[in-house]
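# Understanding the architecture of this molecule
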Amino acid sequence: MNLDAYKKRLAGRNTAEAMRTDTTKLVKRTFKDSPAYNRAILIDYNLDEIPIDIRMVNIDKSVYKKKFYLMPGQEAKVGNYIKIEGDEEDEYWLIMEYEKNAISHCASVTYCNQQINFVNGTFLPCVASGESYGVKMSATNEIILETDTKVKLTTGRNVLSELVDPDFRVIFEHSKQGIYKTGDTTQYKTGLVIMVCKKDKYMEDYDDLENNLAWQPYYDYGDINANYEIKGEDTMFVGKSCKYTLEPNAWCGWEVDNENVTIEKIGIHDVVIRCDKPNELITLKAILGNEIIEEKNILVVN
């Protein structure tokens, strides 16, 4: 079709706008046909998970830096995470830069080779890097330690990163040699947080190497002997998400004793669960340290 015929077909519409609209429709229609296509999940500031469609493009043959092109009409922000689910474990990619192209937005992402674990079972994926900080870390999570090493951690800004204050301790690789303490924390770009960490000593009887969970000397873990209550509905509808909150608030972990239940989201003091099978009796448990501090029985109905 020549340009004159195309203009006639537009029937008075703006040529540039019409071409952009038609191109967008074509890209959306064929987006999933590309061998670079992948289904993914976008994680925003509030840790909400949003299904998205992406095309993955390598950068300079790098295994830990890529460009993700989003399906037209889908959006993200610098500091958001993109999760790609795997058979054995999920991959987390941090959006470092974001281009709002006319048709398909593009996210420049870096692979998260480490994670900061929290006592309630949540974790914050991060990019650990920096030969200039005296430590080398690879995309395969290997740590090469040197004397008096430091490491730079880059995370997205979200409700979890807001909890990391100076002197927050982290453990990598289940190792006494992989224990660090955060120093300066800087938000150098909208959506991104940089933490410069220095080596710290192992705290025997407190640090949990098995779960990469470091003891926080300045954190109020709550009173294990307090009278806690799990607030929420006693019955829940099958397939519907329900939120439960521990009161008084304590930064606890959560367990469910039913394999048909999915823990969809863990907050600082709450949890969201869903059950896809009716007539089930669920026992939801709040855990502080290694102790069960409260339980709640929930009936699943149609």
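All chains use their own residue numbering, which begins from 1 and follows the written sequence. At least 70 in pLDDT is required for a residue's local features to be given in this predicted model, at least 80 for side-chain atom pairs to be given and counted, and no such filter applies to totals for whole chains, interfaces and linings, which use all residues. Side-chain numbers come from the whole structure's heavy atoms, not from hydrogens or water.

Here, any two strands with at least 2 DSSP bridges between them count as paired. For helices the rule is a DSSP run of H or I covering at least 4 residues; for strands it is a run of E covering at least 2, with both sets numbered from the N terminus onward. If you trace the six strands once around the closed barrel, you get β1-β2-β3-β6-β5-β4, paired in antiparallel fashion. If you compare each strand with its neighbour and ignore which way they point, the axes differ by 45 degrees on average. As paired elements, strand β3 (residues 65-70) and strand β6 (residues 106-111) share five bridges and run antiparallel to each other. Residue pairing in the sheet places K65 in a bridge with T110 of β6. All axes here are fitted lines through C-alpha atoms, helices being fitted over the stretch that makes contact, and every angle between N-to-C directions spans 0 to 180 degrees.

To continue, consider the pattern of salt bridges. Think of it this way: side chains of opposite charge can pair up when their charged atoms draw near. We count a salt bridge whenever a side-chain nitrogen from Lys or Arg sits within 4 Å of a carboxyl oxygen from Asp or Glu. Summed over the entire model, instances satisfying the criterion amount to 13 salt bridges. Linking K277 and E280 is a salt bridge whose minimum nitrogen-to-oxygen distance equals 4.0 Å. When salt bridges with common partners are traced through the structure, they connect R169, D200 and D207 into a single cluster.

To form a nonpolar core, buried Ala, Val, Leu, Ile, Met, Phe, Trp, Tyr and Cys residues must be joined to one another through side-chain atoms within 4.5 Å. Between buried and exposed lies partly exposed: a residue is buried under 20% and exposed over 50% of the maximum accessible area for its type, with that area taken using a 1.4 Å probe on protein chains only. If you look at the biggest cluster of nonpolar residues, it comprises 26 residues, and the most contacted ones within it are L94, I116, F118, L124, L153 and M195. Residue assignment for this core shows that the elements contributing at least two residues are β5 (91-99), β8 (123-129), β11 (150-156) and β14 (192-199). By definition, residues are in contact when any of their heavy atoms lie within 4.5 Å. Look past the residues within four positions of L153 in its chain and what remains in contact with it is I116, C126, V127, A128, F172, V193, I194, M195 and C197. Counting residues in hydrophobic clusters, the runner-up holds 21 residues, among them M236, A250, A286 and I298.

With that settled, the discussion passes to the confidence of the model for the protein. For the protein, the average pLDDT comes to 86, and 86% of its residues sit at 70 or higher. When the criterion is pLDDT under 50, residues 131-136 qualifies, and its contacts beyond four places in sequence or with other chains add up to 20 contacts. The predictor's confidence in any single residue is recorded as pLDDT, a number from 0 to 100.

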